[in-house]
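# Residue-level structure breakdown
Read off the chains here:
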Amino acid sequence: MSSNAALLDVSAADLAEGVRDGRVAPGAAVRAALAAIERAEAGASALNAVLHRDIETANEFDQGASGLLAGVPVVVKDNIATLRMPTSCGSRILDGYVSPFESTVVARLRAAGAAIIGKTNMDEFAMGSSTENSAFGPTRNPLSQSRVPGGSSGGSAAAVAAGIVRVALGSETGGSVRQPAAFCGVVGVKPTYGRVSRHGLVAFASSLDQVGVFGRTVDDAALGLEVIAGADPYDATSCSVGAASFRARDSALTDHPLAGLVIGRPREYFPASLDAGIRAVCEHATETLRALGAEVRDVSLPHTDLAIPVYYIVAPAEASSNLARFDGVRYGMRVERDGLRAMYEATRSRGFGPEVVRRIMLGTYVLSAGYYDAYYLRAQEVRRRIRRDFTRVFASGVHALFTPTAPTVAFPIGAVSDPYELYLSDIFTVTANLAGIPGMSQPIGRVDGLPVGGQLLAPHFEEGTMFRIAAALERALGRSAHE
Amino acid sequence: MSVSEQDVRHIAALARLELDDARTETLVRELNGILAHMDVLQAVDMTIEDSDKALDADTALDAQADAVLLRADIASPLPLAAERASFAPNYEDGFFLVPRLSTHE
């Protein structure tokens with residue numbers, strides 16, 4: 001293995017510091033990461049994680065790099081607009097489509113010195129929990145190739161887990177960063193709704209969507225979020241509130257770094273039916289949080305079991321509206337027919353895959369005359385109750401919540417065929433999207449050799465607390481998080 | 001509540017989707033399977049206490065009114081990487097040429 005390949009094992013912060021100090025050639029890690037993609041995507045066992053790559057980047061970086069992510073290679077999900085590579089959203093309808101402008105998050109990464117080397121595979125238009133719904137084929141989990149990496153940001157999670165990059169971007173509507181992070185044994189963060197600009201993120205469900213960050217470690221993810229966070233004049237839902245840096249510093253070095261913090265353990269996230277192995281790994285993590293000085297308190301979020309029905313009304317409703325723009329005129333493919341309406345229908349039916357059609361149909365139905373009050377309006381009212389559950393618990397003196405990220409470990413490719421059964425894999429993650437609060441998943445152990453994710457949830461704009469807990473837990477668990 | 005084959009055809013027309021008979025039949029089954037799980041929402045008690053309403057405030061945002069950046073209300077060039085003409089197959093005199101609307105249905 002060349003010394004350049006070893007650069008991929010260096011934390012994003014240390015690599016960038018090395019590049020800024022002149023100890024590391026600015027294009028070295030970029031070249032190593034491109035070579036790692038080449039290896040991962042070759043032959044019969046190709047991961048199918050990276051759909052497009054920008055091989056010119058390394059040469060440009062030879063000219064030099066500066067900033068918080070100087071010379072750090074990054075891959076981004078294929079629904080985030082980039083000028084130099086296609087933005088196909090895992091869909092035939094946008095196959096080969098190149099955006100005429102760049103997303104704010106990618107512009108910020110570039111301004112911080114990062115090299116955007118590839119675009120990653122995803123469930124079509126981010127609709128799915130396994131990355132099996134991509135028009136470009138499923139991504140494999142690098143830890144167990146016959147299994148899914150989770151989804152919808154499965155390509156980004158797999159790229160980090162395979163050691164290609166330390167930092168990657170994904171997007172979340174109902175758990176699409178945290179759940180694949182759990183399945184692949186990496187860190188995944190969904191920031192507060194509004195923390196990160198969505199200018200250039202292809203819209204799925206606008207009241208839920210948020211760009212998220214993957215990292216190999218908590219610090220990699222914290223640094224990535226620090227670079228992309230903050231208000232953007234091109235997204236009126238984005239804002240600058242609270243801390244600008246999320247990196248845990250010296251407090252993690254004391255014996256009881258979490259002293260004074262109260263961490264809630266919501267009983268609805270530990271049902272009697274929870275997998276025994278996942279429960280045991282979570283118990284061990286909870287004990288570790290106590291040993292670090294935190295008070296762990298049982299709490300209740302009583303509307304949790306309504307979250308999946310609410311989500312699968314609100315998200316498809318918004319999607320049916322957002323995806324109306326893919327009509328054969330404005331973007332990508334067109335299937336010619338006589339008459340405009342026939343052309344729309346033929347293009348959309350051939351361009352969208354089965355899950356996207358299912359959700360557009362569901363969303364159109366719940367918004368249609370006669371059903372709007374019974375479904376959409378009621379779902380929005382129950383959504384408010386889910387949000388109030390969190391507000392009430394946080395107002396009672398709880399600083400953060402700890403739960404499993406997903407009810408199962410990564411399942412075999414093709415194992416889940418019933419749509420609703422697959423929707424249930426988001427059961428512990430959709431609540432944060434519905435409430436707009438931040439959440440993250442980190443590896444906390446394994447069951448049958450497969451990674452288990454532990455989830456932290458925090459009040460709006462309290463990512464700093466979340467990262468502080470995550471960093472202390474990561475340090476205390478050490479190797480056992482991956483064993 | 002459940003959907004019939006006729007409902008599915010109506011929804012498909014609203015959503016500008018073309019479905020063959022086999023796909024229509026599958027969607028009737030799948031949508032009814034999904035909608036059956038939504039019925040639980042009809043049983044939720046919708047009474048709202050005043051103490052509940054107090055929980056809905058966006059305190060973090062309210063505390064920092066200048067947190068949202070708004071652009072000045074003046075026209076400026078869009079941040080596009082290339083000329084508009086390069087975005088579409090047909091562009092003439094500042095207009096994008098799109099399929100004819102003259103076949104009004």
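In short, a report on the structure. Owing to the predicted nature of the structure, the values given are computational and were not obtained by experimental measurement. (Residues numbered from 1 in each chain as written. Chains lettered and ligands numbered in written order. Predicted model: local features only at pLDDT ≥ 70, side-chain atom pairs only at ≥ 80, totals over all residues.)

## Digging into the sheet that holds strand 7 (residues 262–266) of chain A
Residue and element names in this part refer to chain A. The 11 strands are arranged 1-3-2-4-6-5-10-11-9-7-8 in an open sheet whose pairing can be described as mixed. What marks the edges here is a single partner per strand, and that holds for strand 1 (50–53) and strand 8 (295–299). When the angles between neighbouring strand axes are averaged without regard to direction, this sheet yields 30°. Sheet topology places strand 10 (residues 439–447) next to strand 11 (residues 450–457); eight bridges connect them, and they run antiparallel. The partner of Gly445 across the bridge, within strand 11, is Val452. In the packing of helix 6 (residues 154–161) onto the sheet, contacts are made with strand 1, strand 2 (73–77), strand 3 (115–120), strand 4 (167–172), strand 5 (187–190) and strand 6 (210–215), and the angle to strand 4 comes to roughly 155°. (Pairing = 2+ DSSP bridges. Helix = DSSP H or I, 4+ residues; strand = E, 2+ residues; numbered from the N terminus. Axes fitted to C-alpha atoms, helices over the stretch in contact; angles between N-to-C directions. Contact = placed C-beta atoms within 7 Å.)

## Here we look at the nonpolar core
Residue and element names in this part refer to chain A. Within the largest apolar cluster, 172 residues are counted, with the highest numbers of intra-cluster contacts made by Ala33, Leu69, Val72, Val74 and Phe214. Examining the composition of this core, we find that 10 residues originate from one element, helix 10 (residues 307–322), more than from any other. Those residues in contact with Phe214 that lie beyond four places of it in its chain are Ser156, Ala157, Val160, Val167, Ala168, Gly170, Val177, Ala181, Val186, Val187, Gly188 and Ala221. (Core = buried A, V, L, I, M, F, W, Y, C linked by C-beta atoms within 7 Å. Buried ≥ 20, exposed ≤ 12 C-beta atoms within 10 Å, placed from the backbone.)

## Concerning the interface of chain B and chain A
Each side of the interface is counted separately: chain B has 41 residues, and chain A has 48 residues. Elements with a contribution of two residues or more to the side of chain B that touches chain A: helix 1 (5–14), helix 2 (21–36) and helix 4 (59–62) of chain B. For the side of chain B that touches chain A, the leading source of residues is helix 2 of chain B, giving five residues. Counted by class, the side of chain B that touches chain A contains 30 nonpolar, four polar and seven charged residues. (Nonpolar A, V, L, I, M, F, W, Y, C, P; charged D, E, K, R; others polar.)

## Quick word on the pairing of strand 3 of chain A
Residues and elements named next belong to chain A. Of all six residues in strand 3, six are buried; the element is thus mostly enclosed. With three bridges connecting them, strand 1 and strand 3 associate as antiparallel partners. If you follow Arg53 over to strand 3, its bridge partner there is Gly118. Regarding the hand of the β-α-β motif, the stretch spanning strand 2, helix 5 (residues 104–111) and strand 3 is right-handed. (Right-handed = clockwise from strand over helix to strand, strands pointing away.)

## Observations regarding the packing of helix 12 (residues 354–367) of chain A against helix 1 of chain B
The packing of two helices is summarised by the inter-axis angle and the distance between the axes. Taken N-terminus to C-terminus, the directions of helix 12 of chain A and helix 1 of chain B make an angle of 100°; their axes are 9 Å apart at the nearest point. Of the possible angle classes, the one that applies to helix 12 of chain A and helix 1 of chain B is roughly perpendicular. Counting all contacts with helix 12 of chain A, which are made through Met361, Thr364 and Tyr365 of chain A, the residues of helix 1 of chain B involved are Ile11, Ala12 and Leu14 of chain B. Residue composition of the contact of helix 12 of chain A with helix 1 of chain B, by class: five nonpolar, one polar and no charged. (Parallel < 35°, antiparallel > 145°, perpendicular 65-115°, else oblique.)

## Concerning the pairing of strand 2 of chain A
Residue and element names in this part refer to chain A. With five of five residues buried, strand 2 lies mostly within the body of the structure. Of the strand pairs in this sheet, strand 2 and strand 3 are connected by five bridges, and their pairing is parallel. Residue Val76 lies in a different strand from strand 3, and its bridge partner there is Lys119. Summarising the sheet, strand 2 and strand 4 pair through three bridges and their orientation is parallel. Considered in strand 4, the bridge of Val76 is made with Leu169.

By themselves, these figures tell us nothing about what the structure is for.
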